[in-house]
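# Secondary and tertiary structure notes
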Amino acid sequence: MSPALPDGAPWPADGALDPRLVEKDAGRPLSLYVHVPFCRVRCGYCDFNTYTAQFGAGADLDTYAGSVLAEAALAARVLDDAGIGPRPASTVFFGGGTPTMLAPDELARALDGLRERIGIAPGAEVTLEANPDTVSAHGLAGLADAGFTRVSFGMQSAVPRVLAALDRTHAPERVPEAVAWAREAGLDVSVDLIYGCPGETLDDWRASLLAATRMRPDHISAYALVVEEGTRMGAQVARGELPAPDPDDEATKYEEADAVLSAAGYRWYEISNFALVGPDEAGALDRGGLAPTALARASRHNLAYWRDWDWWGLGPGAHSHIGALRWWNVKHPAAYASRLARELSPAHSGEALDAPTRDLERVMLAVRTGEGVALADTPAGSGGAPGRERVAGLVADGLINAARARAGRAVLTLRGRLLADHVTRELMGY
Ligand SMILES: C[S@@+](CC[C@H](N)C(=O)[O-])C[C@H]1O[C@@H](n2cnc3c(N)ncnc32)[C@H](O)[C@@H]1O
Ligand code: SF4
């Protein structure tokens, strides 16, 4: 495969994909990501591409679905022309920003439009991210009727002081209420938690974990707070007004998450992601007969990312990944809408990855999952005596599971999950 494009090259105005680089015969499923770049309030820690007001001419809450559907029509055309369409999506994820800033009718219109233009496979997982204070029982029921199957709530914490430090606008008691509405509507439920916020104690974090498990969501994500440059929190940390996250505190809190969530019946299937397991699944897992990523309540959309499958990201700043190709859209909602109104692709630039970069990406992503990576697919696992020594070193250091390594896979231990990047470097022979 010869890279046809240098890093970050301008993308064709019609969005065309080089058919030689789409890896037509790989048979990978297609996922769709829809970015909704609007929020009521900008949280101090967040650097997602999102806007609170003044979205700009041609890009507002009422016209946004129309722009996304114009990109969907372009996507269908481009996939057909590259010889890989029509291909109905096996997962769809509306993320943000705050997708629930759009009225339920607009979200339903967007989903219907994706179904018409690109196709959605029967039984597809269709997720919507939501802030607990931007949903209602009626709205969630409407979304389930429209074909959404799963909602992911930004809970973040159950402790008012921590929620305030994170600039969150919802009261903690709003989350169980929103979860109950989602359940009544027949939706699967996930909640996001953040740990390591300045001022959060271990007791605070344990209280948040327990509050999350008491609601029995199907799925819980637990993210370490990342202090991003260019955010309000990043500036406060740089000025010394807030302490930077402490890696030891974060490691302790991750171990606490694993302990509390495991005791409540959840199992990790990716470093930051835990799924509720049924008794049959637990038994099969314990006997080693079930890959953790096969858990019924795992997020199939996120698994598609970690498996390095294909996805098309619609919306301002969204990234797409088909075969060896990656591209990303213009960032501002007004620029995005304007390009589509002129029948131009919203892609800003992109790149074609070479084979070694793709191999590194695959290992880096797979190593984070509960099924791990086949040693034979890594330079260390297929690299003769020096490679065998590295693998033995990872086992001796307690970073990968010994029995699974003997069976030919690198699967992180609890300690290894805290040092995943180091494990990747060892497996890649860096
Ligand atoms: C786009 S947001 C989710 C939807 C919604 N806007 C919300 O905040 O509830 C996705 C998730 O990313 C996580 N997140 C965002 N910024 C983060 C950061 N700086 N560090 C760690 N997690 C972050 C939060 O847990 C958040 O729920
Ligand atoms: S964390 Fe969520 S609600 Fe807060 S600014 Fe980011 S996308 Fe918006």
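It should be noted that the structure appears before, not after, this text.
Quick summary incoming for the structure in this document. What you see is a predicted model; the values in this text were computed from it and never measured.

With that settled, the discussion passes to the pattern of salt bridges. For the coordinates displayed, the defined rule picks out 27 salt bridges. In this structure, R28 engages E23 in a salt bridge whose closest nitrogen and oxygen atoms are separated by 2.7 Å. Among the residues examined, R28 registers a relative accessible area of 13% and is labelled buried. Classification of E23 as partly exposed rests on a relative accessible area of 22%. A salt bridge links E200 to K253, with the nearest nitrogen and oxygen atoms 3.0 Å apart. You can see E200 sitting in the loop between strand 6 (188-195) and helix 6 (202-214) and its partner K253 sitting in helix 8 (residues 247-263), a full 53 residues away along the chain.

Bringing the packing of aromatic side chains into the picture now. The full count for this structure, using the stated rule, is 10 aromatic pairs. Ring centres of Y269 and W306 lie 6.1 Å apart, and the angle between their planes is 65 degrees; on these two criteria the pair is classed as edge-to-face. Here the residue Y269 occupies a position in strand 8 (residues 266-270), and W306 occupies one in helix 10 (residues 300-306), the gap between them amounting to 37 residues. An aromatic cluster of three or more residues is present, and its members are W11, W312 and W327.

Turning our eyes to something else, we now look at the site of ligand 2. The immediate surroundings of ligand 2 are formed by C39, V41, R42, C43, Y45, C46, G97, T98, N131 and R168. Tallied by class, residues from the shell around ligand 2 come to 5 nonpolar, 3 polar and 2 charged.

Here M101 shows up in the loop between strand 3 (89-96) and helix 2 (104-117). The sequence separation of M101 and R406 amounts to 305 residues, and the corresponding C-alpha distance is 50 Å. When neighbours within four sequence positions are excluded, M101 is seen to be in contact with F38, C39, R40 and L61.

This part is about the environment of A103. Secondary-structure assignment places A103 in the loop between strand 3 and helix 2. We classify A103 as partly exposed; its relative accessible area is 40%. In sequence terms A103 and K331 are 228 residues apart; their C-alpha atoms lie 22 Å from each other.

A separate point is helix 6. For helix 6, built from 13 residues, the straight-helix expectation of 18 Å at 1.5 Å per residue is met to within 8% by its first-to-last C-alpha distance of 18 Å. Contacts from the buried residues of helix 6 go to strand 5 (150-156), helix 4 (160-165), strand 6, strand 7 (219-224), helix 8 and strand 8. Within two residues after helix 6, R216 carries a phi angle of roughly 50 degrees, on the positive side.

Moving on: the site of ligand 1. Taken together, 16 residues sit near ligand 1, with G97, N131, Q156, R168 and D192 positioned nearest. Here an oxygen atom of ligand 1 and a side-chain polar atom of N131 are 2.8 Å apart. In the complex, the protein chains occlude 91% of the 550 Å² of accessible area that ligand 1 would expose alone. For the shell around ligand 1, the secondary-structure elements that each account for two or more residues are strand 5, strand 6 and strand 7. For the shell around ligand 1, the per-class residue count stands at 7 nonpolar, 6 polar and 3 charged.

Before going further, it helps to examine the pairing of strand 8. For strand 8, the buried fraction is high: 4 of the 5 residues fall into the buried class. Sheet topology places strand 8 next to strand 9 (residues 273-276); 4 bridges connect them, and they run antiparallel. Note that in strand 9 the partner of R267 across the bridge is A275. Adjacent in sequence and paired antiparallel, strand 8 and strand 9 are bridged by 2 residues.

This brings us to the layout of surface pockets. The computed volume of the second largest pocket comes to approximately 360 Å³. Forming the walls of the second largest pocket are 16 residues, and the residues nearest its centre are R267, W268, L285, P292 and R404. Put simply, the parts of the chain that give the lining of the second largest pocket at least two residues each are helix 8, strand 8 and helix 9 (279-286). Grouping the constituent residues of the lining of the second largest pocket by class yields 6 nonpolar, 5 polar and 5 charged.

Turning to the nonpolar core, a few remarks are in order. Counting 97 residues, the largest nonpolar core has L17, F94, L114, F153, W312 and L427 as the members making the most contacts within it. If one sorts the elements of this core by residue count, helix 1 (residues 64-81) sits on top with 10 residues. Beyond its immediate stretch of four places on either side in the chain, L17 contacts W11, V22, V78, A82, W312, I322, L325 and W327. In terms of nonpolar packing, the next biggest core, distinct from the first, is built from 11 residues, Y45, V162, C197 and V237 among them.

Definitions and cut-offs
- Numbering of residues starts from 1 in each chain and follows the order in which that chain's sequence is written.
- The lettering of chains begins at A and the numbering of ligands begins at 1, in the order of writing.
- Only residues with pLDDT of at least 70 get local features here, since the model is predicted, and only at 80 or more are side-chain atom pairs given and counted; chain-wide, interface and lining totals rely on the full set of residues.
- Side-chain measures were taken over the full set of non-hydrogen atoms in the model, leaving aside hydrogen atoms and water.
- Each reported salt bridge corresponds to a side-chain nitrogen of Lys or Arg within 4 Å of a carboxyl oxygen of Asp or Glu.
- Between buried and exposed lies partly exposed: a residue is buried under 20% and exposed over 50% of the maximum accessible area for its type, with that area taken using a 1.4 Å probe on protein chains only.
- Only DSSP runs of H or I reaching four residues or more are called helices, and only runs of E reaching two or more are called strands; each is numbered from the N terminus.
- Aromatic rings from Phe, Tyr and Trp, with only the six-membered ring used for Trp, were paired whenever their centres fell within 6.5 Å, and each pair was classed as stacked if the ring planes differed by under 30 degrees, edge-to-face if by over 60, and tilted otherwise.
- A molecule or strand has a residue near it when one of that residue's heavy atoms lies within 4 Å.
- Ten residue types, Ala, Val, Leu, Ile, Met, Phe, Trp, Tyr, Cys and Pro, are classed as nonpolar, four, Asp, Glu, Lys and Arg, as charged, and the remainder, Gly among them, as polar.
- Contacts are residue-level and defined by heavy atoms, with any inter-residue pair within 4.5 Å sufficient.
- The span you would expect from a helix comes to 1.5 Å times its residue count less one.
- Any pair of nitrogen or oxygen atoms within 3.5 Å is treated as a polar contact; in protein, a donor-acceptor pairing is required on top of that, and neighbouring residues in sequence qualify only through side-chain atoms on both sides.
- Exposure was quantified through the Shrake-Rupley algorithm and a 1.4 Å probe, taking into account, for residues, occlusion by the shown protein chains and nothing else.
- By definition, two strands form a pair when at least two bridges between them are found by DSSP.
- Cavities and pockets are found on a 1 Å grid laid over the protein atoms alone: a cavity is a set of points where a 1.4 Å probe fits but cannot escape, a pocket is an open set with protein on both sides within 12 Å along at least five of seven lines, and a lining residue has an atom within 4 Å of such a point.
- Grid points are joined across faces, edges and corners, and a volume is the space filled by probe spheres set on the points.
- Definition used in this section: a nonpolar core is a set of buried Ala, Val, Leu, Ile, Met, Phe, Trp, Tyr and Cys residues joined via side-chain atoms within 4.5 Å.

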